[in-house]
Amino acid sequence: MKNTLTMLTVVVLSFFALAGNAQNQPGKISGTVSDESKKPIESATVSLLKPTDSSVVKTTVSDKTGNFVIENIKEGKYLTSVTAVGHATFYSSLIEISSATPSVDLKNIFLSAQTKNLQQVEVVAKKPFFEQKADKMVVNVDAAPSNAGSSVMDVLEKSPGVAVDKDGNISLKGKQGVVIMIDNKPTYLSATDLANYLKSLPASAIDQLEIMTNPSAKYDAAGNSGIINIKTKKNKAKGFNGSVTLTHTQGVYPKPSGSINLNYRTGKANFFLNGGYSHWEGFQDLDINRQYYTDAGATKVLNAIFTQHTNMKFTNPAANLKFGMDYYLSKRTTIGFVASGFRNTENDQSASHIFLKDPNNTVDSIVYSPSSNKGLWKNGTVNLNFRHQFDSIGTELTADADYITYRSNNNQYFDNITYYPDMTQKDETILTGNTPSTINIYSFKSDFSHPLKKQLKLEAGIKTSYVSTDNNANYFNVINNVEEVDTTKTNHFLYHENINAAYVNLNKQYKKWNIQAGLRLENTNYSGHQLGNGYTVNNNDSSFSKSYTNLFPTLYVSYQLNEKNSFAVNYGRRIDRPAYQDLNPFLFFLDNYTYQSGNPYLQPQFTHNVELSHTYNNFLTTTLNYSNTKNFFSETFQQSGYATIVRNGNIGHYQNAGIAISAQVPVRKWWTAIVYTNVNYNKFDGMLYGEMLHVSATTFLVNLNNQFKFKKGWSAELSGFYRSSGVEGQILIKPMGQMSAAVSKQLMKEKASVKLGVRDILYTQQVKGVINFQQTEATFHNSRDSRQVSLTFTYRFGKPIKGAQPRRNTSTEEQNRVKVGNNN
């Protein structure tokens, strides 16, 4: 491993050295920007232009004293333009840079005030619900009034191309394996815990979603279907400013929440603080019907019938806090830190009524199973970051160091009372569980970018991360009110993982063409140790380890045919590694008839992704996509008597093909319709538990969002989505949909707003499906507290200073593969 890391470092440092030795350009233009009263103007934008077509060559901004410098300019003739808020634009006369005149001083540039009456100027600041960009789709959360009072998970469910399954797993364009990041940072949570966290995080705390279906080599190769980056709100203006949001959401149960965002920037320092609290209460109803068969030659004979109805009630108070500072050592060097964390409390109560019947549908026995889970999980994160700009043309070095820790504990109670058909009690078993978990993550990465000659740009970087997890599952049978260790369920699992990576990206702009090629190398080393339970002589102690190195190429080509038509094609190879807890071979108790198990033989899956897109007039985008996955793994179901064991397994070969169309149609001046449609074909082929699996289906998704903007600060939204039947490995998911509406009003000279929204008006966001495996045929129906009414009030305060520049966050990208506790 040391040799591999050394090789990665040498490769990247070699690129840094080559870039540093690139030929410097000789020219320089400087000057001072002032207003008519000769007062310096800070943060005026100074652009260097080509005289032939006024295209921008370089851009900089003036400092506190109004001074600016544009360096490393090639020999030639140029113009300069200077703009500042509230002032007319200045254009210089023709400037020539040559070996005889390498430096030009424009001296004093005086900008005159704009004479146009501000009352006659209409400022349109409202963003569209989503924006299609070259490398990603951006969803602007506040642009949809119905997002007020909702959770981040609700926003994801209505985002273009995104689907959420019955367990909260997120897929993109019909493909599972999405990596979820927050502010370009990993969440480090299992699918279940991530879903719980996103359901508890209010939408008022986030600004945008960035959806990347085929990320560049700069990003981790993890994620079969891409990356969704959740960007939290950040104030970027100088001075002291902020906002407060209060929401009350009412479904069957109340869900109040609130958040605050503060920012103070002055001189060389910028401080920011974001915090939020939510108290979510809700319910979930689950109905499961299973039919068990036995083989009888060429036919199956019904052997038994199982029906289960479960009512779940949850209460989930959650608080989160983020504090950070950026310090500007100079105009080109910034250091900073960010400290964040959350504290979530879970109190889940459920009761299951189970009927076991014979083939004639006559009840043989009845099981009543109440249970509870009281959990607390805490997170703390510290990030140190550095950024240095070497010049004004974009040469930049960034570095990040992160430490992240999780602490969680769940106290569980399971009671199973079995009755005869006449409701005479047959027996009772009580099981209690305690599942503490500790997770520590260390990560470091550095990125370097440098524009070269002839519109070439080089990017390179290195990264290393180390993850350790310590999970205990302690179970006890309660007999005569005395707890006795259940050695068949108690276990202790340790996991360690190290990933080392390096990448290189090269971008070339040539006339109407743009080409970017990248290569990422990742070296993975992991080990797991199942310590058993420690209570028996043969305590199932076992261990495993593996190391592997892979290359992940990426290629992007775009062509601007004319002003209205552009084309793009991209290719990328990606990997999905198993979640840490999915490698633990021990059984985890869910109820008497459902268990969860890990799989130490689970292999990573590798995917080739190809996309071809066309954009017309910046409003209509059509995308064709194809992916081919080997060693595809997914949730599988295995029968053991009347119990079902759920575990992830490598199914085999998976193919996905689809077409997506997105458009923003201005129906009227006050009405914009945003339409997203996606048709994808999924095909699974492989061997699972001795049976051949050949499953395929075509799924249709349509997402419609109508935005209405009226006079006097009124706006409204009517939106919804529909998804047809589709397959997820062994599961066939039936159609589902949702419709929402909202109205919003600006108040107090647009410093405040109030929003009223209703989600899932027709109560159709219910998950139904079919699972057929081995000698079992099963159906399920899952409904939750999804029909809700929300009232939200937001107030913005402070007096920001004009001209502030956005604060740039450096980033780390880790995969979200940590399993906390027993993942129940």
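The paragraphs below set out a description of the structure included in this document.

1. Some details on the overall build of the chain
Along the chain, the regular secondary structure elements total three helices and 46 strands. Contacts in the chain between residues far apart in sequence, at least 24 positions, make up 67% of those at least 6 positions apart. Within the structure as shown, the chain displays about 36,800 Å² of accessible surface, and the carbon and sulfur contribution to it stands at 57%.

2. Here we look at unusual backbone geometry
One non-glycine residue, Met423, adopts positive backbone phi at about 70°. Its place among the elements puts Met423 in the loop between β23 (396-419) and β24 (425-434). Positive phi outside glycine occurs at Tyr763, with the angle close to 55°. Among the secondary structure elements, Tyr763 is positioned in the loop between β43 (752-759) and β44 (767-773). The exposure class of Tyr763 is partly exposed, given its relative accessible area of 23%.

3. A look at the nonpolar core
Within the largest apolar cluster, 49 residues are counted, with the highest numbers of intra-cluster contacts made by Leu156, Ile170, Leu198, Ile228 and Ile230. Residues in contact with Ile228, not counting those within four places in the same chain, are Leu156, Val162, Ile170, Val178, Val179, Ile180, Met181, Glu210 and Ile211.

4. Quick notes on the environment of Pro436
With respect to the helices and strands, the residue Pro436 is situated in the loop between β24 and β25 (437-451). Here Pro436 falls in the partly exposed class, since its relative accessible area comes to 23%. A sequence separation of 59 residues divides Pro436 from Trp377, and the C-alpha atoms of the two residues are 9.5 Å apart. Ignoring anything within four residues of it in the chain, the contact list for Pro436 reads Ser408, Asn409, Asp470, Asn471, Asn472 and Asn474.

5. Observations regarding a positive patch on the surface
Together, Lys50, Lys74, Lys453 and Lys454 make up a positively charged patch on the protein surface. Taking the relative accessible area as the measure of exposure, Lys50 reaches 39% and is therefore partly exposed.

6. Some thoughts on the side chain of Asn678
Following the sequence through the fold, Asn678 ends up in strand β37 (residues 671-688). Polar side-chain contacts of Asn678 include one of 3.1 Å to the side chain of Asn680. If we ignore the near neighbours within four places in the chain, the residues touching Asn678 are Lys173, Ile659, Ala660, Thr699, Phe700 and Leu701.

7. Let's talk about the sheet that holds strand β8 (residues 103-111)
Judged by pairing direction, the sheet is mixed, and its three strands sit side by side in the order β4-β1-β8 without closing on themselves. Every interior strand has two partners, whereas the edge strands, β4 (67-73) and β8, have only one. Going across the sheet, the axis of each strand differs from the next one's by a mean of 15°, ignoring polarity. Bridge analysis of strand β1 (residues 27-35) against β8 gives seven bridges, and the strand direction is parallel. Along β8, the bridge assignment pairs Thr32 with Asn108.

8. Notes on the pattern of salt bridges
Considering all chains together, one arrives at eleven salt bridges under this definition. Of the charged contacts, one joins Arg332 and Glu71 as a salt bridge, the two residues approaching to 2.8 Å between their closest N and O atoms. One end of the pair, Arg332, is in the loop between β20 (299-328) and β21 (333-357); the other, Glu71, is in strand β4, and 261 residues separate them in sequence. Residue Arg332 is classed as partly exposed on the basis of its relative accessible area, which comes to 28%. By relative accessible area, which is 25% here, Glu71 ends up partly exposed. Asp220 is the salt-bridge partner of Lys463, the closest N and O atoms lying 2.8 Å from each other. You can see Lys463 sitting in strand β26 (residues 456-479) and its partner Asp220 sitting in the loop between β15 (206-212) and β16 (226-232), a full 243 residues away along the chain. Connected through shared salt-bridge partners, Asp220, Lys463, Arg520, Glu522 and Arg577 make up one network.

9. Quick look at a nonpolar patch on the surface
Judged by side-chain polarity, Val569, Val610, Leu612, Leu624, Tyr626, Ile659, Ile661, Val679, Phe700 and Tyr722 come together as a nonpolar surface patch covering roughly 750 Å² of accessible area. Mapped by element, the contributors of at least two residues to the nonpolar patch are β34 (605-616), β35 (620-640) and β36 (643-668). Relative to the helices and strands, Phe700 is located in strand β38 (residues 691-709). Of the residues examined, Phe700 reaches a relative accessible area of 34% and is grouped as partly exposed.

What counts and how
Residues numbered from 1 in each chain as written. Predicted model: local features only at pLDDT ≥ 70, side-chain atom pairs only at ≥ 80, totals over all residues. Heavy atoms only, no water. Helix = DSSP H or I, 4+ residues; strand = E, 2+ residues; numbered from the N terminus. Contact = heavy atoms within 4.5 Å. Areas by Shrake-Rupley, 256 points an atom, 1.4 Å probe, with all protein chains shown as cover. Buried < 20%, exposed > 50% of the residue type's maximum accessible area, 1.4 Å probe, protein only. Core = buried A, V, L, I, M, F, W, Y, C linked by side-chain atoms within 4.5 Å. Patch = residues over 30% accessible without salt bridge, like charges linked within 9 Å, V, L, I, M, F, W, Y side chains within 5 Å. Salt bridge = Lys/Arg side-chain N within 4 Å of Asp/Glu carboxyl O. Lys, Arg positive; Asp, Glu negative; His and termini not counted. Charge placed at Lys NZ, Arg CZ, Asp CG, Glu CD. Polar contact = N/O pair within 3.5 Å; in protein donor to acceptor, adjacent residues only side chain to side chain. Pairing = 2+ DSSP bridges. Axes fitted to C-alpha atoms, helices over the stretch in contact; angles between N-to-C directions.

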